[in-house]
Amino acid sequence: MKKILIVLGVCSVILACNSAEKSESTEDTTAAVEQVAVDTSAAPASAGSAKGEQLISGSDCLTCHKVDAKIVGPSYADVANKYEASEANIEMLAGKIINGGSGSWGEIPMAPHAALSTDDAKEMVKYILSLKTK
Ligand code: HEC
């Protein structure tokens, strides 16, 4: 009788381990599938802005801006939520990056980036405006 109990006990432990492993691996697969789904759906919107992201990491922008939190300047998500990604807005914001700007978000001005080309500044804006959260 005792033996049977022990055997049963061992079996249930093995079973428990097995099923835990199984459910974990299903979660992994679901997460992977979701990841792929997110990636493909994000691709068209951000396709033209990978360059902008690179330009931003290569410049001084990130000392004053974060994607999701205000530092000195507004978060890029806030900027994206405020402006529609229209050609006019892209030009206007590119101009602000190059010439500096103030008054849209508070009293602190943004320093000018006179060395940037209009094209590079526009790529940056396209990337920023792709970060909309609402
Ligand atoms: C010295 C700090 C600083 C740096 C460096 C900086 N910014 Fe800013 N940025 C600000 C501040 C402050 C504002 C808010 C200005 C305002 O209220 O109009 C701002 C605003 C912006 C806006 C919104 C403008 C508007 O009128 O709504 C964009 C877009 C932007 N920055 C992009 C950039 C990019 C791209 C870079 C790098 C090339 C950069 N910033 C570098 C401080 C900075």
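A. Structural context of the site of the ligand. In the vicinity of the ligand, 28 residues are found, and the nearest of them are Cys61, Cys64, His65, Tyr83 and Met110. Trp105 is positioned with one of its backbone polar atoms (N or O) 2.6 Å from an oxygen atom of the ligand. Listing elements by their share of the shell around the ligand, those giving two or more residues are helix H3 (61-64), helix H4 (76-82), helix H5 (87-99) and helix H6 (118-129). In the shell around the ligand, the residues fall into 16 nonpolar, 10 polar and two charged.

B. Representation of a nonpolar patch on the surface within the structure. Taken together, the side chains of Ile71, Val72 and Ile108 present a nonpolar region at the surface, about 240 Å² in accessible area. Within the secondary structure layout, Ile108 lies in the loop between H5 and H6. In this structure Ile108 comes out as exposed when scored by relative accessible area, which is 52%.

C. Main features of the packing of aromatic side chains. Under the definition given, this model contains zero aromatic pairs. Its guanidinium or amino end placed over the ring of Trp105, Lys82 lies 4.7 Å from that ring's centre, counting from NZ or CZ.

D. The arrangement of the coordination of the iron atom of the ligand in detail. Every protein donor of the iron atom of the ligand is listed here as His65 (NE2) and Met110 (SD), and their distances to the metal cover 1.9 to 2.0 Å. Here the iron atom of the ligand binds six donor atoms, and the angle range of 85 to 179° at the metal identifies the geometry as octahedral. Highlighted residues: His65 in the loop between H3 and H4 and Met110 in the loop between H5 and H6, separated in sequence by 45 residues.

E. Summary view of the environment of Ile97. Along the chain, Ile97 falls in helix H5. With relative accessibility at 11%, the residue Ile97 sits in the buried group. If sequence neighbours within four positions are ignored, Ile97 has contacts with Met110, Ala111, Pro112, His113, Leu116, Ala121, Met124 and Val125.

Conventions and cut-offs
Residues numbered from 1 in each chain as written. Predicted model: local features only at pLDDT ≥ 70, side-chain atom pairs only at ≥ 80, totals over all residues. Heavy atoms only, no water. Near = heavy atom within 4 Å. Polar contact = N/O pair within 3.5 Å; in protein donor to acceptor, adjacent residues only side chain to side chain. Helix = DSSP H or I, 4+ residues; strand = E, 2+ residues; numbered from the N terminus. Nonpolar A, V, L, I, M, F, W, Y, C, P; charged D, E, K, R; others polar. Patch = residues over 30% accessible without salt bridge, like charges linked within 9 Å, V, L, I, M, F, W, Y side chains within 5 Å. Areas by Shrake-Rupley, 256 points an atom, 1.4 Å probe, with all protein chains shown as cover. Salt bridge = Lys/Arg side-chain N within 4 Å of Asp/Glu carboxyl O. Buried < 20%, exposed > 50% of the residue type's maximum accessible area, 1.4 Å probe, protein only. Phe/Tyr/Trp six-rings, centres within 6.5 Å; stacked < 30°, edge-to-face > 60°. Lys NZ or Arg CZ within 6 Å of the ring centre and 35° of its normal. Donors = N, O, S within 2.8 Å, 3.2 Å for Na, K, Ca; no water. Tetrahedral: all angles 85-135°; square planar, octahedral: opposite > 155°, others 65-115°. Contact = heavy atoms within 4.5 Å.

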